[in-house]
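# Reading the structure
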Amino acid sequence: MLIAPRGRRVLLAASAAILVTFYFWSLPKDAIPPIQLDLPAAASFPSSLPLNEAYAWRTLKTNYPVSTVAPLPTEQPRSFPKVQAVFTKESRSSRQQRLERQKAVKETFLRSWKAYKEHAWLQDELKPVTGSSHNPFGGWAASLVDALDTLWIMDLKEEFAEAVGAIDQIDFRETTLDEVNVFETTIRYLGGFLSAFDLSQDPRLLQKAVEVGDMIYKSFDTPNHMPVMRWDVKAAASGERQVAKSGTLSAEIGSLCMELTHLSQISGDPKWFDAAHRITEALAKQQDSTELPGMWPLVVDAEKQTFNAGSTFTLGAMADSLYEYLPKMVALTGGQLPIYQKMYEKAMDVAPKHLFYKPMTPTNEDILVSTAFQTKGGSAVHGERDTQGQHLVCFLGGMLALGSKLFERRQDMQLAEKLTNGCIYAYRAFPHRIMPETWHMVPCEPDSECPWDENRWKKEVLRINSMSSDATLQEADAIIHDDALPQGFTKISDRRYILRPEAIESAFVLYRVTGRQSFADAAWDMFTAIEASTRTSLANTAVSDITRPGEPRQQDSMESFWMGETLKYAYLAFSEPGLISLDDYVFNTEAHPFRRLKP
C-alpha cells in the first residue's frame, strides 16, 4: 500500500557547519590523506520518518533552483490484465521437487551471506576466493543493501533484522570513490531500501531511502536540471557548480524513473518524480526524430539535452534498462502516466525489425538473438545489424512478456518466448552449460527456412575473425578448434561468467507468465550449472572462461547482484506463485520488487 503524503516539519539549521570527512575504506588508512568537505549539519525530513540530525545532503545550497515542481499524478489507477498465469494445483511429487530446488537455492544464498557477514560486513563486496573485500560502489555496503529484500523473501527474518540494524552505520556523506555512478547508486541502494521498506514497512529503511534520494537529487543541480551521471561528489558537496555531461549512456540517464518516482510515491515529496520526469519528457519529445525513429541512440548528450543524435542502437548493454523501465513504469504507477506505454509501443514496434535475428543452428531451433544496429548516412535504410549476443540482454524476454500482458500485445509474447529460449539454448551449448558474456552466431536470412549449413558456418567464422577472402575451410577448422567454438557460434568475444542474473530472470518471468514447467526446469538447470562451476570454499565467484572444458579459473569477484538478483530470481522460480506475484509487484533492474499502484 502506498503511503499518502504527510505533513512536514522543518528542523532549525545548526549555527555552524560540520566538517565531513570522506574515508577511503578499501585502502589502508594511511595510504591516502582524508578528503575534507564542508556540509551543513541539519536536514529536513517528512514528519513520519526518524531523523538523523547529522545528515547533510538535503541542506546543501542549490545553485540552479527548480522554478516549478511537477506534482505526482492523481488520476485513478487503471485496471490491467493479469500478468501471471493461473496455476493448477500441483501434485505431491511436483511440490516436493519444487521445495527441494527452493531449498538448494536458499542454502547457496546462506553460504554467500554468511561469508559476506564474516569477511566483508558493511563493505560493498566479498572477494569469495581470498576472503577479503572490495568497494566499487562507494563503500556503502552494496551487498547488504542489495540482499535486504532477498532475506525477507527467503523468510530469513533474523538475518534481515540484523542487516536492517546495521544500516545506520552506512553514511552517504563518506565514500571510497572520487566519482560516483548515479545510475548504480540509484538501482542498488535506493532500489534496495525502497523494496525492503515495501516488504517490511520498517521506517528505518524509508529514512535511508530518503538519505540516498537527497544525495542523488543533488546530481540534478545543473543549469538544465539533467543529472551528472558520473558524478564528482566532493565537488558537489563543496558547493561547486556542475553541468550534465555530453557523453552519457542512454541506459544510465533513462533509468532513474522507477526508483525516484517510487520514493516520491512513498514519501509524498514530488521533487524526485519531478526530476526524473523531466528526462522522460525529453526522451519522448525526441523519440521520433532519431536515425532509427522509435529508439534512442546508445550515447546521448545530457549537457545539451540532445537525445536523438547517434548511429548505434541496441536493447543490450548501456541502453537496456531505458527500455526495460517503460512498461514497468506503467505497472508501478497504475497507468497514471500514459507517456510510458506510448514510448514502449513505439520502441517495440521498431526493435524486432532491426535488432532481432534467428541464428542458424544444427537443430534448426526456433529462437531469436537480440543485438545492435548501426545506421548509415543518417538513416536505417542501409544500416547494418551486428551478430553479437550478450548475456546481459537476456532480460529482454521477461520485459516483452510483461509488456505483452499489460498492453495485450500478443506478438510480443511470441518474441519473449523465442528470445528466452535463445538464452536457454546458449546456456546448453557450452561445456559448463553456462552462457559467456558475449558471443556471435550466424544470422539466418529473414523469413528463410535456414537449414544447417556447415560450410556457411565456417565461412562466417573466417569472416568475423578477419581472415582473408582466400582463407580455406581448413583454416576455419583450426579457429573452431583453438577457440572451442560450439557448432553455430562464430566468435566468443568475452568468455567470462560473472554470476549474471538475466537468463534466470527471464526464465522465472516466463514461468510465472505462461505457467509452463519447462521454464522453471531451465532455471534449475542454469542454477545447478552455475553452482557447479563457480562455488568456492566461501561462496561463489566470477570465472574467466566458461567456454572450455576443465575447471574454470576463478576471478575472486562476487558482485552484489549475485545475492540481490541471481539467487532471488532462482528462488522465486521455485516458490509459490503468490510470493511476489507479478500482479502485485514490479521489479527494478536490480531485481528489487516495488509494490504496484492498483485501483
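Residues numbered from 1 in each chain as written. Predicted model: local features only at pLDDT ≥ 70, side-chain atom pairs only at ≥ 80, totals over all residues. Heavy atoms only, no water.

## Describing the overall build of the protein chain
Note the threshold: Each helix is a run of H or I in the DSSP string that is no shorter than four residues. Each strand is a run of E no shorter than two, and both are numbered from the N terminus. Just to be clear, the radius of gyration here is over C-alpha atoms, and the globule rule we use is 2.2 Å times residues to the power 0.38. All accessibility values rest on the Shrake-Rupley procedure with a 1.4 Å probe; residue burial counts only the protein chains present in the view. The convention is simple: Lys and Arg are positive, Asp and Glu are negative, and His and the chain ends are not counted. Note on charges: their place is set at NZ of Lys, CZ of Arg, CG of Asp or CD of Glu.
Helix and strand counts for the protein chain stand at 18 helices and 18 strands. Relative to the globule expectation of 25 Å for 599 residues, the C-alpha radius of gyration of the protein chain, 24 Å, shows essentially globular dimensions. Its C-alpha atoms give the protein chain principal-axis dimensions of about 80 × 55 × 55 Å. Of the roughly 23,300 Å² of accessible surface on the protein chain, a fraction of 49% belongs to carbon and sulfur atoms. Computed over 63 positive and 76 negative side-chain charges, the inter-centroid distance for the protein chain is 4 Å.

## Describing unusual backbone geometry
Positive phi, close to 55°, is recorded for E408, a residue that is not glycine. Structurally, the position occupied by E408 is in the loop between α12 (396-407) and α13 (410-429). Despite not being glycine, I580 has its phi angle at roughly 55°, a positive value. Tracing the backbone shows I580 in the loop between α18 (561-573) and β17 (585-587).

## Description of the side chain of S575
Note the threshold: Under the scheme applied here, a residue whose accessible area is under 20% of the maximum for its type counts as buried, over 50% as exposed, and between as partly exposed, the area being computed with a 1.4 Å probe on protein chains only. Any pair of nitrogen or oxygen atoms within 3.5 Å is treated as a polar contact; in protein, a donor-acceptor pairing is required on top of that, and neighbouring residues in sequence qualify only through side-chain atoms on both sides. Here a residue-residue contact requires only that any non-hydrogen atoms of the pair lie within 4.5 Å.
Checked against the element boundaries, S575 lands in the loop between α18 and β17. Residue classification places S575 among the buried positions, given a relative accessible area of 1%. Looking at S575, its side chain comes within polar contact range of the main-chain oxygen of Y571, at 2.7 Å. With near-sequence residues (within four places) excluded, S575 lies in contact with R98, Q102 and R512.

## Quick word on the pairing of strand β15 (residues 438-441)
Condition: Pairing between strands is defined by DSSP: at least two bridges between the two strands are required.
Side chains of β15 alternate between two faces, with T438 and H440 and W439 and M441 buried alike. Note that strand β14 (residues 388-390) and β15 share three bridges and pair antiparallel. Residue Q388 lies in a different strand from β15, and its bridge partner there is H440.

## Here's the deal with the UniProt feature "binding site: Ca(2+)" (unreviewed entry) in the protein chain
To keep things clear, this is the line we draw: UniProt positions are given in the numbering used here, feature names are shortened, and annotations may be inferred rather than shown by experiment.
Under the present numbering, the feature "binding site: Ca(2+)" (unreviewed entry) in UniProt falls on T589. By relative accessible area, T589 is classed as buried at 16%. Ignoring any residue separated from it by four or fewer positions in sequence, one finds T589 in contact with F183, I187, S321, E324, Y325 and E565. A distance of 2.8 Å separates a polar atom in the side chain of T589 from a polar atom in the side chain of E324.

## Things to note about the sheet that holds strand β12 (residues 372-376)
The line we're drawing: Lines fitted to C-alpha atoms define the axes here, with helix axes fitted over just the stretch in contact, and angles between the N-to-C directions of these axes take values from 0 to 180 degrees.
Strand order in the open sheet made by the three strands is β9-β12-β13, with antiparallel pairing throughout. With partners counted over all chains shown, the strands left at the sheet margins are β9 (312-314) and β13 (379-385), one partner each. Averaged over all pairs of adjacent strands, the angle between strand axes in this sheet comes to 35°, irrespective of strand direction. For β12 and β13, the ladder comprises three bridges, and the chain directions are antiparallel.

## Things to note about the nonpolar core
Going by this rule: Buried Ala, Val, Leu, Ile, Met, Phe, Trp, Tyr and Cys residues form a nonpolar core when they are joined through side-chain atoms within 4.5 Å.
L144, L148, F193, L315, Y323 and L400 are the most contacted members of the largest nonpolar core, which has 189 residues in total. When residues no more than four places from it in sequence are discounted, the contact partners of L400 are Y344, M348, F356, D412, L415, A416 and L419.

## Quick look at the sheet that holds β15
Read from one edge to the other, the open sheet built from three strands follows the order β14-β15-β16, with strand pairing classed as antiparallel. Taken across any chain shown, the strands that pair with only one partner, and hence form the sheet edges, are β14 and β16 (489-494). Here the strands of the sheet are splayed against their neighbours by 30° on average, with no regard to which way each runs. Sheet topology note: the β15/β16 ladder contains three bridges and is antiparallel. Considered in β16, the bridge of T438 is made with D494. The strands touched by helix α14 (residues 454-464) are β15 and β16; relative to β16, the strand with the most contacts, the crossing angle is about 35°.

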